[in-house]
Amino acid sequence: MWQSVANIILRNRFLIIGIITLMTVFFGYQAVTGLKLDNKYGILLPKDAKAKVDYDRFKSMFGEDGGTLVIAIQTDSLYTEDNFLKWKELSDSILTFDGVESVVSEATLFGVTNDKENQKFKVHPVFSDLRYQDKSIDSVKNEIKNNPLYEGLLYNSSTNVSLMMISVDENYISHQKKSMIVLDIEKVADSYIEYFGQPRYAGLPHLRVVIGKQIMKEMYIFIGLLVLVTSLLIYLFFRSLRVVFICNLIVLISVIWSMGMIAALNFNITIIMALIPPLMIVIGIPNCIFLITKYHQEIVHHGNKVKALTRVIKKIGTATFLTNFTTALGFLTFITTNSPKLMEFGICAALNIILVFAISISILPIFMSFSKTPSTKHLKHLDRKLAVGLLNNLIRITENHRPAVYVVTTSVVVLSIIGMVQIKATGNLTGDLPQDHQISRDFNFIQDNFGGSIPFEIMIDYKERSRVAKSSTLKKVDAIEQLYSNDTLFSRFVSYVDFLKAANMAYYDNDSTQFRLVTKKRQLAKLKKYIDNSVDVNSGGSGVAINELIDTTNYVMRIRTQMRDIGSYEIDDKAEIMYAEIDSILNPDKKEIESLYAQYQETKNNKLLDSILFNHSSIYNAMTKILSGGDDEKQLAFDSNPESIRKEYKNTSFTKDLRMAIDQEYFGLTLTGTSIVASNGTQYMVINLFTSLLFAILAISILMAILFRSWRMVIVSLIPNFIPLLVTGGIMGWFGIPLKPSTLLVFSIAFGISVDDTIHYLAKYRQELKNKQWDLKECVIMAIREAGLGMFYSSIVLFCGFSMFSFSQFGGTQALGLLVSLTLLVAMITNLVVLPTLLLTLERRLTTKSFEEPYFDAYAEGAEIDWVNLEIEDLPKEIKKN
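Residues numbered from 1 in each chain as written. Predicted model: local features only at pLDDT ≥ 70, side-chain atom pairs only at ≥ 80, totals over all residues. Heavy atoms only, no water.

Undergrad: Tell me about the overall build of the protein chain, and name the residues and values.
TA: Helix and strand counts for the protein chain come out as 34 helices and 11 strands. With the C-alpha coordinates of the protein chain rotated into their principal frame, the extents come out at 110 × 80 × 50 Å. Out of the 882 residues belonging to the protein chain, those deemed buried represent 56%. Put simply, the protein chain shows about 37200 Å² of open surface, and 56% of that area lies on carbon and sulfur atoms. Side chains of the protein chain give 88 positive and 87 negative charges; the mean places of these two sets differ by 8 Å. (Helix = DSSP H or I, 4+ residues; strand = E, 2+ residues; numbered from the N terminus. Buried < 20%, exposed > 50% of the residue type's maximum accessible area, 1.4 Å probe, protein only. Areas by Shrake-Rupley, 256 points an atom, 1.4 Å probe, with all protein chains shown as cover. Lys, Arg positive; Asp, Glu negative; His and termini not counted. Charge placed at Lys NZ, Arg CZ, Asp CG, Glu CD.)

Undergrad: Outline empty space enclosed by the protein, supporting the account with residue identities and numerical values.
TA: A complete count under the given rule lists 8 cavities of 30 Å³ or more for this structure. In this structure, the largest cavity occupies an estimated 170 Å³ of space. Along the walls of the largest cavity sit 18 residues, with Pro286, Phe290, Ile753, Asp756 and Leu798 positioned nearest its centre. Those elements that provide at least two residues to the lining of the largest cavity are helix H11 (276-302), helix H12 (305-332), helix H30 (741-771), helix H31 (776-803) and helix H32 (811-842). Tallying contributions element by element places H30 first for the lining of the largest cavity, with 5 residues. (1 Å grid on protein atoms, 1.4 Å probe; cavity = no way out; pocket = protein on both sides within 12 Å on 5 of 7 lines; lining within 4 Å. Points joined across faces, edges and corners; volume = space filled by probe spheres on them.)

Undergrad: An account of the environment of glycine 389 is needed here, citing residue identities and associated values.
TA: Secondary-structure assignment places glycine 389 in helix H15 (residues 385-400). The class for glycine 389 is partly exposed, based on a relative accessible area of 26%. C-alpha separation for the pair glycine 389 and leucine 500, spaced 111 residues apart in sequence, amounts to 83 Å.

Undergrad: Kindly report on helix H1 (residues 2-11), identifying the contributing residues and their values.
TA: What H1 keeps buried is the set Trp2, Gln3, Ala6, Ile9 and Leu10. Buried residues of H1 fall within an arc of 130° about the axis and therefore sit on the same side. The secondary structure elements touched by the buried residues of H1 are helix H2 (13-34), H12 and helix H13 (340-370). (Arc of directions from axis to C-beta. Contact = heavy atoms within 4.5 Å.)

Undergrad: Any chance you could break down the packing of helix H9 (residues 204-238) against H31 for me, citing the residues and the numbers?
TA: It is the contact of H9 with H31, at a shortest axis distance of 10 Å, that shows an interaxial angle of 155°. Viewed along their axes, H9 and H31 adopt a mutual orientation that is roughly antiparallel. Relative to H31, the crossing made by H9 is right-handed. Counting all contacts with H9, which are made through Leu226, Val229, Thr230, Leu233, Phe237 and Phe238, the residues of H31 involved are Tyr793, Ile796, Val797, Cys800 and Gly801. Of the residues in the contact of H9 with H31, the class split is 9 nonpolar, 2 polar and no charged. (Axes fitted to C-alpha atoms, helices over the stretch in contact; angles between N-to-C directions. Parallel < 35°, antiparallel > 145°, perpendicular 65-115°, else oblique. Left-handed = near helix turned anticlockwise from the far one by under 90°. Nonpolar A, V, L, I, M, F, W, Y, C, P; charged D, E, K, R; others polar.)

Undergrad: Would you mind going over the pairing of strand E6 (residues 161-168) in detail, with residue names and values included?
TA: Buried residues dominate E6, accounting for 6 of its 8 residues. Pairing of strand E1 (residues 68-74) with E6 involves 7 bridges; the strand directions are antiparallel. The partner of isoleucine 71 across the bridge, within E6, is methionine 164. Where strand E2 (residues 100-104) meets E6, 4 bridges bridge the pair, whose relative direction is antiparallel. Note that in E6 the partner of serine 102 across the bridge is serine 167. Judged from the 2 bridges that link them, strand E5 (residues 155-156) and E6 form a sheet pairing that is antiparallel. Residue pairing for E6: asparagine 156 is matched across the bridge by valine 161. Here E5 folds back onto E6 in antiparallel fashion, the turn holding 4 residues, of which asparagine 160 has a positive phi close to 60°. (Pairing = 2+ DSSP bridges.)

Undergrad: Describe the pairing of strand E10 (residues 556-563), naming the residues involved and giving the relevant values.
TA: With 7 of 8 residues buried, E10 lies mostly within the body of the structure. Two elements, strand E9 (residues 550-551) and E10, share 2 bridges in a ladder whose sense is antiparallel. Bridge pairing in E10 links aspartate 551 to valine 556. Between the antiparallel neighbours E9 and E10 lie 4 residues, among them tyrosine 555 with a positive phi of about 60°.

Undergrad: How would you summarise the sheet that holds E10 if you had to cite specific residues and measurements?
TA: Across the sheet, 4 strands lie side by side as E9-E10-E8-E11; this open sheet has antiparallel pairing. Each edge of the open sheet carries a strand with a single partner, namely E9 and strand E11 (668-672). Relative to E11, strand E8 (residues 454-461) is paired through 5 bridges, and the arrangement is antiparallel. Across the sheet, isoleucine 460 pairs through a bridge with leucine 669, a residue of E11. Across the sheet, helix H22 (residues 568-586) lies against E8, E10 and E11, angled at about 160° from E11, the strand it touches most.

Undergrad: Which residues make up the nonpolar core, and what are the values?
TA: By size, the foremost hydrophobic cluster in this structure holds 163 residues, and its most contacted members are Ile269, Phe331, Tyr761, Tyr765 and Phe802. In terms of residues, this core owes the most to one element, H31, which gives 15 residues. Setting aside chain neighbours within four positions, we find phenylalanine 802 in contact with Leu279, Val282, Ile749, Ile753, Gly817, Leu818, Val820, Ser821 and Leu824. Membership of the second largest hydrophobic core comes to 43 residues, among which are Ile458, Leu549, Ile550 and Ile559. (Core = buried A, V, L, I, M, F, W, Y, C linked by side-chain atoms within 4.5 Å.)

Undergrad: Go over unusual backbone geometry, please, and point to the residues and values.
TA: Positive phi, normally seen in glycine, also occurs at arginine 239, with a value near 50°. Within the fold, arginine 239 resides in the loop between H9 and helix H10 (241-264). By relative accessible area, which is 39% here, arginine 239 ends up partly exposed.

Now the structure itself:
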């Protein structure tokens, strides 16, 4: 097969170059015109995940919770005529930006007064007289500070910190070009430094846009760094600018194809998808190294360039394909995660890795065929003292120091396992940023002054229209707010109850002592009448819009707040505790009712039904409504004689109807918001990356079994690839590197790449078994000499290549680069030391008849060809004569 491939490539060089050029132009056009950035959080969750379903339901009723850009200033001179005017000027100028829906600050607030004559509230701007003729700055300050609603929401009077909250259209935030409005707004705010000092920025729009911009920037930086570093390494290895040019051409085409593929498949750039183009460089260069090393070895053997190029494709085509295939398989296992973005990443990475192989196996032989035969200078690397000395040392260790190898390996594994036990899992929105990064400092500033910065939402399903106005319902909501009023993890809670408190205060001529919840039916009815007559109040003229707090269509009330960015697992633990606490406030009898219902299902004792129905009138009423089915006479009978319901106990559907009645009387509770979605997304990714790693191990094991037809050889081949994973896990534990999605990716990526060396070595080892008549020791040594140099070169390139990711500003990407580099370096050592040692120790117990005769050869020799008469189209005459 590979002989035919070699003939096709070398006899159709211009056609292949033309096809690759056209495809490069196509993918380049796709990359330039179609590449988009996705900066949303929670995108790792599958569509049917409960957290995502809840969040989508929330957004359908109340809109985006993460669309507020926050600007914070700290000054004790805001309430001076000049500075307050400037704060107003800044607010008004930001409001003129396309995509800005509203701006709320102390300078844009509206006051509410009681219009007793028309029985409604009148709304007026607190600050509108720019000359301070009708109202002094002190009067403005008193009116704002007199309203308890804004303390902890818009300002912190104890630290002199004030906020400006800017609502930005989600269509602008998620659009790659339009999202720059956020940076434009911040640029305008920075121009007011002389008045307010350096502004602080927070809110998800700021986080999403700034990090998204950094993702794109780093992707291009990494591409440049990797090209520079790999070019330097290739030149040091081969001392040929021609080789450097050809390798760079291959990776350049691979990068263009990878970026174009992302756009062509209608995928978006995320922090994980941005790794693909740089990865193509890291994966493509080892392909070049193996091909060039083999080409040079062939030239040394016989000096015939045409024969050498054909043998390069023929002899290691299968091995190189398999190494790329196993790497692609490692990435493809991400499709098992059921996470759309991880699946997209896995599919795109796997396809591009296979394409990198196709580009390498085509471009390199073609361009080499146009080049001169390598000179002695270019072939010296094969006999370089460093290379020969390295290989001789590896052989010496394998032959003479096997017990020491096992002792050292065992010790390292034990230490690694001890370290792995100490690994802690975490993950938060700003956790990948250094603590001294401006984003982290700004977020911490907001959290220190207001308690939180990541949206956290509580949705209460009150299920019946009449419930929302009941004093019992309002008291429960108020109790929830009071419960967490001193919780330092949260900012101030705001709900419909606060709206009613503010309305009551306005009713009493803005007497701040009246900022309280009224519970008497008559008072509530009076306030409701005022609110219904006041369009401006309903639409948020006072700074809080009623439609942002309650959805009367779906009977859902919202309590909104912001939570500290404490980490995904901590958020999950807190949410679990809160759910139990809030549910006990909303449904205080739930535990008793559920206990009675469970006992009834077991015993069928009708007295338990009596306890449920007659001790809980709301359940009785809901049950009779179900049983009457809209029949007024039947309903009247139940109302007149409550005990008549006992006649229904014998009905087969009674238990089901009772369950429905009980559930209808419970307040529904949902905790959601960006904090919950991001928390669940992180945990989901961690779990599924473990799953994908197991699938990768299984899939590659099956592939190795097909390749070598020996289960013993499969086990031996996996050992040197498991050890690096254990070492990496141990280092994470010992050095306190947490387990999170970015660091967990290390294991799948590194395993898929490190097994490449195993395939190269074992394939060469099996080939030597045939040539050396089963002299096992000589086969192990020859495999080290033949494959060891290429493995060493490629591992050094991979180590240096992945190390470039350590220059990232994202801690996760830094850890990914350093840990993968380390893992691959350890994998090189285990594949060149532990694997040969195992082969010599176990000897003939491994090399079975099936191992001798596999399904196909990774290093195929095949029949010799008349190389003198083999012609390649358009080769120079002097080459043909060879």
